There are 2 protein chains.
Amino acid sequence: MVKQKITAGIDIGGTNTVFGFIKENGECIYSSSILTNPYEEADKFISRLTKKIKSSYKIYSKKYSLEGIGIAAPMANHFNGTIETPSNIKWGKVNIVAMMEKNFGVRVAITNDANAAALGEYYFGHGKGLNNFIVITLGTGLGSGIIINGNLLYSEGGLAGEFGHTIVDSNGRHCNCGRIGCLETYASANGIRRTVLDLMAIHIEQSQLRKIPYSQISGQLINDLAIKGDPIAVRAFQYTGEILGRALANLAISFVPEAIILFGGLADSGDLLLDPTRKHFEKNLLKIYKGKVKILKSSVGNGMSAVLGASSLISGEIKSGSFILDINNNVEKHN
Amino acid sequence: MVKQKITAGIDIGGTNTVFGFIKENGECIYSSSILTNPYEEADKFISRLTKKIKSSYKIYSKKYSLEGIGIAAPMANHFNGTIETPSNIKWGKVNIVAMMEKNFGVRVAITNDANAAALGEYYFGHGKGLNNFIVITLGTGLGSGIIINGNLLYSEGGLAGEFGHTIVDSNGRHCNCGRIGCLETYASANGIRRTVLDLMAIHIEQSQLRKIPYSQISGQLINDLAIKGDPIAVRAFQYTGEILGRALANLAISFVPEAIILFGGLADSGDLLLDPTRKHFEKNLLKIYKGKVKILKSSVGNGMSAVLGASSLISGEIKSGSFILDINNNVEKHN
């Protein structure tokens, strides 16, 4: 019997690391996860992950053959295969691609989580059939993955798409990056939490949020209260959409994508965030672009966009002359 | 005798239309110009231009064969070969590519002026050997041409790179586009003139500029006075560089180019503009990018960058899978 090809997709997050076995048509035949433990050393984590994937693969190995492994991770550099001092995991610079290739004997490739989400949308979501679009991940921070002419945008050195660090107000909020006024201090799960503080200081309306310490206010809680009509929570989404919509209009002036796809925790709030974002996006767009760029919510289910996108680093159709091909060529140097 | 191939490059500006015959190595063997006359109808202008080019070509036609014509123009759409209601010339929508092809019987292609300048730099200037860079044209307004992976960035519909209309201050200056706070209302020849007004209102310093009506203050005059140390003129360049440097830092966060090349009238002021631009660019850049992106002045001589770039629409080495190829294919549909 000829074995069917599968690839493994791995999405390394600050809390959980999710992986799945993906068939060529994008179907995930198995998925599981391990806790990330941000204080564990990288080689111990990688050996735990390897063990878990190998034991999961055992029962599939008769019918399927593992062709390669794609990894999505914060601060990932696809050119040299490393993860470099991610802010939520206490690692230094780790060549995870070389280590995983040694452990599995198959090709391994890596890209950052927002780029992986963009690939996930490109092959399996709203990005299917589009050649120019942007994926914005709204998690703890704000990440961006940009597809231009059907290729993922990278630049020399593997860095690009740090759109979350666009300065939107140079007299604004302090950012982890050491600067002031970055977009992600407004438009992200942490950003909307800070906005709640701002709004409680400005307005005199009653709000459930006044009874809860800041440390316990989550994006999810703000979402739940906004649905119930809590005025501060409702305002928080409107303000977040205003800042995000305006920033996306500026981005669209340089790129003019066919669509902007929002992904991650805050995007799951749906129209609460999408309505004000669309309104302020259109309002701030150049006339000639108005009505031409769609703002959509990710359609890839269960937060698996990055896992699927990571697996497509190996399995994705490789276009002639594409940058995606270059990635794989670069990674192969580690063999 | 085998004739050498040449292409014609044309740069249609609001005041002058410059053209040249360009050999394959980029050498311009002849250049001339006609006045644009913004109130003349398009077909009369095109017939004047055709006559002038044909009579100039006559003496070269024994030794050279004209392979095609590349045009750089404001509001040019390379996909359908049109110029659409440019703000400085009183035309409607004109299919100049189809008209010129009929007149000359050779392939004609068009792109906007900033894109042509980017191609000029790519083939003949600082962009040689670079795969990712941005050209900013600082004329009456601010234009942008972006090269990514060795290809000119276009998007669906042929629009892209309207970076001059990035909003940098939503409470700022009114723009011709109908919005408020666009970058080009600060960083352009008109922008620096408006800055002079602002600075004279704020400061009490003596300045030659206080004796000259606004209508007679040009970018060139501000340049000349700044060289002589006029305090308002000096401040005007510092402020322009501050706004431009900050905006470019935000752009670089999404693109991470190898270089940003400044071109056009204001850029000719050299270090007067480049020093403050570089300073505020570096200051506002994410740490990981600091020192990695060069800001350069165009090295293509005599403002011929757009003429050379336009001619390269025809003669440029066409890469496999490149977008430049698509342009020509699209344009050929008019045959």
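A brief look at the structure comes next. (Residues numbered from 1 in each chain as written. Chains lettered and ligands numbered in written order. Predicted model: local features only at pLDDT ≥ 70, side-chain atom pairs only at ≥ 80, totals over all residues. Heavy atoms only, no water.)

Let us now look at the relation of the copies chain B and chain A. With an RMSD of 0.1 Å, chain B superimposes on chain A once it is rotated by 180° and translated 0.0 Å along the axis. In short, the pair behaves as if placed about a two-fold rotation axis. Looking at chain B, 100% of its interface residues are interface residues in chain A too, so the copies touch through the same face. (Least-squares fit on C-alpha atoms with pLDDT ≥ 70 in both. Contact = heavy atoms within 4.5 Å.)

Scanning all chains against the criterion turns up 24 aromatic pairs over all chains. For the ring pair Phe19(B) and Tyr30(B), a centre distance of 6.2 Å and an interplane angle of 50° mean the geometry is tilted. Here Phe19(B), found in strand β2 (residues 16–23), pairs with Tyr30(B), found in strand β3 (residues 28–35); they are 11 residues apart in sequence, far enough to count as distant. Taking 6.3 Å as the distance between ring centres and 55° as the angle between the ring planes, the aromatic pair formed by Tyr60(B) and Tyr64(B) counts as tilted. Each member of the pair, Tyr60(B) as well as Tyr64(B), carries the same accessibility label: buried. Put simply, the rings of Phe19(A), Phe21(A), Tyr30(A), Tyr57(A), Tyr60(A) and Tyr64(A) pair up and form one aromatic cluster. Just above the ring of Phe104(A) sits the side chain of Lys54(A); from NZ or CZ to the centre is 5.4 Å. In this structure, Arg193(A) is placed above the aromatic ring of Tyr214(A), and the distance from its NZ or CZ to the ring centre is 4.1 Å. (Phe/Tyr/Trp six-rings, centres within 6.5 Å; stacked < 30°, edge-to-face > 60°. Helix = DSSP H or I, 4+ residues; strand = E, 2+ residues; numbered from the N terminus. Buried < 20%, exposed > 50% of the residue type's maximum accessible area, 1.4 Å probe, protein only. Lys NZ or Arg CZ within 6 Å of the ring centre and 35° of its normal.)

All names here are of chain A. One open sheet holds the five strands; their spatial order is β3-β2-β1-β4-β8, and the pairing between them is mixed. Both edges of this open sheet fall to β3 (28–35) and β8 (107–112), since each of them pairs with a single strand only. Taken pair by pair, the neighbouring strands of this sheet meet at an average axis angle of 20°, ignoring direction. In this structure, strand β4 (residues 64–73) lies alongside β8, joined through six bridges in parallel fashion. Bridging across to β8, Ala-73 finds its partner in Asn-112. On top of the sheet, helix α2 (residues 96–104) reaches β1 (4–12), β4 and β8; it is set at about 150° to β8, its chief contact. (Pairing = 2+ DSSP bridges. Axes fitted to C-alpha atoms, helices over the stretch in contact; angles between N-to-C directions.)

Mapped onto the elements of the fold, Glu162(A) is located in the loop between β11 (151–152) and α4 (189–202). Of the side chains with opposite charge, Arg179(A) lies nearest to the buried Glu162(A), which makes no salt bridge, at 8.2 Å. Setting aside residues up to four positions removed in sequence, Glu162(A) forms contacts with Ser144(A), Ile253(B), Leu286(B) and Tyr289(B). (Lys, Arg positive; Asp, Glu negative; His and termini not counted. Salt bridge = Lys/Arg side-chain N within 4 Å of Asp/Glu carboxyl O.)

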